[in-house]
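These are the residues of each chain, in order.
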Amino acid sequence: QVQFVESGGGLVQPGGSLRLSCTASGTIISNYVMAWYRQAPGKQRELVAQMARNGETHYWNPGEGRSTISRDNARNELYLQINDLKPEDTAVYFCDFRWQNVGWGQGTQVTVSS
C-alpha cells in the first residue's frame, strides 16, 4: 500500500539545478528515516542523502556539497535540491525508506548533458 512517486527530473545542462520531489502515500514519512538514492545503468543503487525523523540530514559522496534534502510534513513529501549538476549525476533518482526498504517507485530520470 506504500507508494512513492518521484518527479522533477529532466534534461539539464551542466551547472544547472533541479529540485526532485517525492510524494508518498500509505505512510507518514516523518515517522521514518527517509532517503534519496540514485542508480545509473549497469551500476548499483547508491545513497545520496537521508533525513531522520528529527530532521537531521546526512549526505554521501554523490550529494555532499551540492545537494539539500528537505521535507514538507504537511504535504507528506520529500525533496532533493541538486545544484551544479554534472554529467556524472545522470541517473534515475529514487526516494525510499532508509532502513525498511518497502517502497519501490519508478524514479525520476536526471540527465545532465550539453
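Q: Sorry if this is basic, but what is going on with the sheet that holds strand S8 (residues 77-82) here?
A: Pairing between sheet strands relies on hydrogen bonds along the backbone, with the strands arranged either parallel or antiparallel. Taken in spatial order, the four strands make up an open sheet running S1-S3-S8-S7, and their pairing is antiparallel. One side of each edge strand has no neighbouring strand; the edge strands of this open sheet are strand S1 (3-7) and strand S7 (67-72). Strand-to-strand twist of the sheet, defined as the mean angle between neighbouring strand axes without regard to direction, takes the value 20°. As judged from the five bridges shared by S1 and strand S3 (residues 18-25), these two strands associate in the antiparallel manner.

Q: Help me out: how do you make sense of the environment of Arg38 in this one?
A: Considering the arrangement of structural elements, one finds Arg38 in strand S4 (residues 34-39). The sequence separation of Arg38 and Ser114 amounts to 76 residues, and the corresponding C-alpha distance is 21 Å. Ignoring any residue separated from it by four or fewer positions in sequence, one finds Arg38 in contact with Gln44, Arg45, Glu46, Val48, Pro62, Glu88, Asp89, Ala91, Val92 and Tyr93. Polar contacts involving the side chain of Arg38 include one to the side chain of Tyr93, which spans 3.2 Å.

Q: Any chance you could explain the nonpolar core here in plain terms?
A: Taken as a class, soluble globular proteins show a tendency for nonpolar side chains to be buried jointly. Among the nonpolar cores identified, the biggest contains 25 residues, and Phe4, Leu20, Trp36, Ile69, Leu78, Leu80 and Tyr93 are the most heavily contacted of them. Listing elements by their share of this core, those giving two or more residues are S3, S4, strand S5 (46-51), S8, strand S9 (91-97) and strand S10 (108-112).

Q: Explain the pattern of salt bridges here, please?
A: Two side chains with opposite charge may pair up if their charged atoms get near one another. Evaluation of the coordinates by the stated rule reveals five salt bridges. For Arg66, the salt bridge is made with Asp89, and the minimal N-O distance between the two is 2.8 Å. You can see Arg66 sitting in the loop between strand S6 (57-59) and S7 and its partner Asp89 sitting in the loop between S8 and S9, a full 23 residues away along the chain. Accessibility classification places Arg66 together with Asp89 in one group, the buried group. In this structure, Glu77 engages Arg75 in a salt bridge whose closest nitrogen and oxygen atoms are separated by 3.2 Å. For Glu77, a relative accessible area of 9% puts it in the buried group. Several salt bridges converge on common partners, so that one network encompasses Arg38, Glu46, Arg66 and Asp89.

About the thresholds
Residues numbered from 1 in each chain as written. Predicted model: local features only at pLDDT ≥ 70, side-chain atom pairs only at ≥ 80, totals over all residues. Heavy atoms only, no water. Pairing = 2+ DSSP bridges. Helix = DSSP H or I, 4+ residues; strand = E, 2+ residues; numbered from the N terminus. Axes fitted to C-alpha atoms, helices over the stretch in contact; angles between N-to-C directions. Contact = heavy atoms within 4.5 Å. Polar contact = N/O pair within 3.5 Å; in protein donor to acceptor, adjacent residues only side chain to side chain. Core = buried A, V, L, I, M, F, W, Y, C linked by side-chain atoms within 4.5 Å. Buried < 20%, exposed > 50% of the residue type's maximum accessible area, 1.4 Å probe, protein only. Salt bridge = Lys/Arg side-chain N within 4 Å of Asp/Glu carboxyl O.

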